[in-house]
Amino acid sequence: GIQVEQSPPDLILQEGANSTLRCNFSDSVNNLQWFHQNPWGQLINLFYIPSGTKQNGRLSATTVATERYSLLYISSSQTTDSGVYFCAGSGWGSQGNLIFGKGTKLSVKP
Amino acid sequence: DTGVSQDPRHKITKRGQNVTFRCDPISEHNRLYWYRQTLGQGPEFLTYFQNEAQLEKSRLLSDRFSAERPKGSFSTLEIQRTEQGDSAMYLCASPPSGSSYNEQFFGPGTRLTVL
């Protein structure tokens, strides 16, 4: 099955700093999502981005489907950005079930 | 609020007891997924329903697990004879109503602790 690798596993930033999170897939996917998991466990949808670039406020994401990776950019980080960020994708021919990476744990210090 | 609700939010049980969780997906959508998340890991797929039909089950879904989706609306996940290794967050997800693509929205989860 598809393997999803996220890097870095942990990231500590000072408030106001920028960061880039990466997600690599072992095979092509037909669905790619980025999530932020809050301290209560709720997965919050950030981007649905099987290809291309999208922006939402201080967050943006780029997926290069032909090279099987996606990047999540966080600019001017805030303490409320802290948490775990997951990327996930589903394989072609699957029933759409998502395969998740292990996540990047982000801590933003004031 | 994603429109997906789960009940209960927390469940503490003793080893060997049976537990049942409920998921109410985004209304009128035919696809529903169950996932399990253990500490420090990403969610892992358990099973998938299209309407009332259970079309795929992960190898993680042992014989002690059963899921149903009567009438293609809400879904239940039952674990029989719980074990300490079943302690996890159980999540359900569905795409929004009318969606023709696969973006999934997750419920708040049920956190199970088996003592």
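This text gives an overview of the structure that appears in the document.

1. As for the overall build of chain A
Moving on, step 1. Broken down by element type, chain A carries 0 helices and 11 strands.
Moving on, step 2. Reading the secondary structure of chain A in the N-to-C direction produces β-β-β-β-β-β-β-β-β-β-β.
Moving on, step 3. The C-alpha atoms of chain A give a radius of gyration of 13 Å, which matches the 13 Å a tight globule of 110 residues would have.
Moving on, step 4. Seen through its principal axes, chain A has C-alpha atoms that stretch 45 × 25 × 20 Å.
Moving on, step 5. Going through the 110 residues of chain A one by one, you find that 50% of them count as buried.

2. Let's talk about the packing of aromatic side chains
Moving on, step 1. Under the defined criterion, the tally for this structure stands at 11 aromatic pairs over all chains.
Moving on, step 2. On the numbers, 6.5 Å between centres and 40 degrees between planes, the contact of Phe65 of chain B with Tyr90 of chain B is tilted. With Phe65 of chain B in strand β7 (residues 65-68) and Tyr90 of chain B in strand β9 (residues 88-94), this residue pair connects regions lying 25 residues apart in the sequence. Each member of the pair, Phe65 of chain B together with Tyr90 of chain B, is buried.
Moving on, step 3. Among the aromatic residues, those joined into a cluster by ring pairs are Phe35, Phe86 and Phe100 of chain A together with Tyr33, Tyr35, Phe45, Tyr48 and Phe106 of chain B.

3. Some remarks on the interface of chain A and chain B
Moving on, step 1. Taken together, the contact between chain A and chain B spans 20 residues of the former and 23 residues of the latter.
Moving on, step 2. Here chain A is connected to chain B by 0 salt bridges.
Moving on, step 3. The interface formed by chain A and chain B holds 8 residue pairs in polar contact (both at pLDDT 80 or more) in total.
Moving on, step 4. Among the elements of the structure, β4 (29-37), β5 (43-48) and β9 (83-91) of chain A are those that each provide at least two residues to the side of chain A that touches chain B.
Moving on, step 5. The biggest single contributor to the side of chain A that touches chain B is β4 of chain A, with 5 residues.
Moving on, step 6. Of the residues contributing to the side of chain A that touches chain B, the split by class is 7 nonpolar, 12 polar and 1 charged.

4. Some remarks on the side chain of Thr104 of chain A
Residue and element names in this part refer to chain A.
Moving on, step 1. Among the structural elements, Thr104 can be located in strand β11 (residues 104-109).
Moving on, step 2. Thr104 sits in the buried class, given a relative accessible area of 0%.
Moving on, step 3. Among the polar contacts listed, one links the side chain of Thr104 to the backbone oxygen of Pro8, at a separation of 2.6 Å.
Moving on, step 4. When near neighbours in sequence (up to four residues on either side) are disregarded, Thr104 contacts Gln6, Ser7, Pro8, Pro9, Leu11, Leu21, Gly83, Val84 and Tyr85.

5. A look at the pattern of salt bridges
Residue and element names in this part refer to chain B.
Moving on, step 1. As enumerated under the stated definition, the model contains 4 salt bridges over all chains in all.
Moving on, step 2. When the shortest N-O distance is used, the salt bridge between Arg64 and Glu83 registers 3.4 Å. Taken together, the residues Arg64 in the loop between β6 (53-57) and β7 and Glu83 in the loop between β8 (75-79) and β9 connect sequence positions 19 residues apart.
Moving on, step 3. The shortest N-O distance in the salt bridge between Arg64 and Asp86 comes to 2.8 Å. On the criterion of sequence distance, the pair formed by Arg64 in the loop between β6 and β7 and Asp86 in the loop between β8 and β9 is long-range, its members being 22 residues apart.
Moving on, step 4. Through salt bridges that share partners, Arg64, Glu83 and Asp86 make up one connected network.

6. So, the pairing of β4 of chain A
Residue and element names in this part refer to chain A.
Moving on, step 1. Burial analysis of β4 places 8 of its 9 residues in the buried class, which makes it a mostly covered element.
Moving on, step 2. Alignment of β4 against β9, held across 8 bridges, turns out to be antiparallel. Looking at the pairing, Trp34 lines up with Cys87 of β9.
Moving on, step 3. Taken together, the 5 bridges between β4 and β5 define a ladder with antiparallel strand orientation. From the neighbouring strand, Gln33 faces β5, where its bridge partner is Tyr48.
Moving on, step 4. Count of turn residues in the β4/β5 antiparallel hairpin: 5 residues, of which Gly41 carries a positive phi of about 95 degrees.

How each quantity is defined
- Within each chain, residue numbers correspond to sequence positions counted from 1 in written order.
- Chains carry letters from A onward and ligands carry numbers from 1 onward, assigned in written order.
- Given that the model is predicted, a residue must reach a pLDDT of at least 70 before its local features are reported, and side-chain atom pairs must reach 80 or more before they are shown or counted; all residues, however, enter totals for whole chains, interfaces and linings.
- The basis for every side-chain value is the complete set of heavy atoms in the structure, and neither hydrogens nor water enter the calculation.
- Where helices and strands are cited, they refer to DSSP runs of H or I of at least four residues and of E of at least two residues respectively, numbered from the N terminus.
- The atom set for the radius of gyration is the C-alpha atoms, and the globule formula is 2.2 Å times the number of residues raised to the power 0.38.
- Working definition: with a 1.4 Å probe on protein chains only, accessible area under 20% of the residue-type maximum means buried, over 50% means exposed, and in between means partly exposed.
- A pair of Phe, Tyr and Trp rings is counted when the ring centres sit within 6.5 Å of each other, with Trp represented by its six-membered ring. The angle between the planes then sorts it: under 30 degrees is stacked, over 60 is edge-to-face, the rest tilted.
- Note on contacts: a residue pair qualifies if any of its non-hydrogen atoms lie within 4.5 Å across the two residues.
- Note on definitions: salt bridges are taken to be side-chain nitrogens of Lys or Arg within 4 Å of carboxyl oxygens of Asp or Glu.
- Counting of polar contacts relies on pairs of N or O atoms within 3.5 Å, with two restrictions inside protein: one atom must be capable of donating a hydrogen and the other of accepting it, and residues adjacent in sequence are counted only when both atoms are side-chain atoms.
- As a working rule, the residues Ala, Val, Leu, Ile, Met, Phe, Trp, Tyr, Cys and Pro are called nonpolar, Asp, Glu, Lys and Arg charged, and the rest polar, with Gly in that last group.
- Strand pairing is assigned whenever DSSP detects at least two bridges linking the two strands.

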